[in-house]
Amino acid sequence: MERRTFGKTLMDHQVIRFKLAEMARQIDAAHAWTEQVTYQLQTMKKKEQNQKLGGTIALLKVQSSKVFEYCAREAAQIFGG
């Protein structure tokens, strides 16, 4: 059964499509950044990792947490949680 609001399915509402697209965009960006940092971790020596990636990893952790909190909040709004 598809959820309906105001006589339309959720996907028929432009604002819902926009919210889902924005969530997907943020998740893809966080995933790409994670992949980039992972690659750098695999190709650098341990000392170089500590010097160059400490701050980047901290920022990535914060950004990923914000993205997933945003997505959880929006999903609860959209799907009624």
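Residues numbered from 1 in each chain as written. Predicted model: local features only at pLDDT ≥ 70, side-chain atom pairs only at ≥ 80, totals over all residues. Heavy atoms only, no water.

Caption draft 1: Layout of the overall build of the protein chain. Scanning the protein chain from N- to C-terminus turns up two helices and two strands. N-terminal to C-terminal, the α/β element order of the protein chain is β-β-α-α. Computed over its C-alpha atoms, the radius of gyration of the protein chain comes to 18 Å, more than 25% above the 12 Å expected for a compact globule of 81 residues. Each principal axis of the C-alpha distribution contributes one length, and for the protein chain these read about 60 × 20 × 20 Å. For the protein chain, with 81 residues in total, the buried portion stands at 23%. When contacts within the protein chain are restricted to residue pairs at least 6 apart in sequence, those whose partners lie at least 24 apart make up 61%. A total accessible area of about 6,300 Å² is found for the protein chain, and carbon and sulfur atoms account for 58% of it. (Helix = DSSP H or I, 4+ residues; strand = E, 2+ residues; numbered from the N terminus. Rg over C-alpha atoms; globule rule 2.2 N^0.38 Å. Buried < 20%, exposed > 50% of the residue type's maximum accessible area, 1.4 Å probe, protein only. Contact = heavy atoms within 4.5 Å. Areas by Shrake-Rupley, 256 points an atom, 1.4 Å probe, with all protein chains shown as cover.)

Caption draft 2: Representation of the nonpolar core in the model. Within the largest apolar cluster, seven residues are counted, these being Leu10, Ile16, Met23, Val67, Tyr70, Cys71 and Ile78. Secondary-structure elements contributing two or more residues to this core are helix H1 (14–43) and helix H2 (46–79). Ranked by residues supplied to this core, first place goes to H2 with four residues. Beyond its immediate stretch of four places on either side in the chain, isoleucine 16 contacts Leu10 and Ile78. (Core = buried A, V, L, I, M, F, W, Y, C linked by side-chain atoms within 4.5 Å.)

Distances and angles like these do not, on their own, reveal function.
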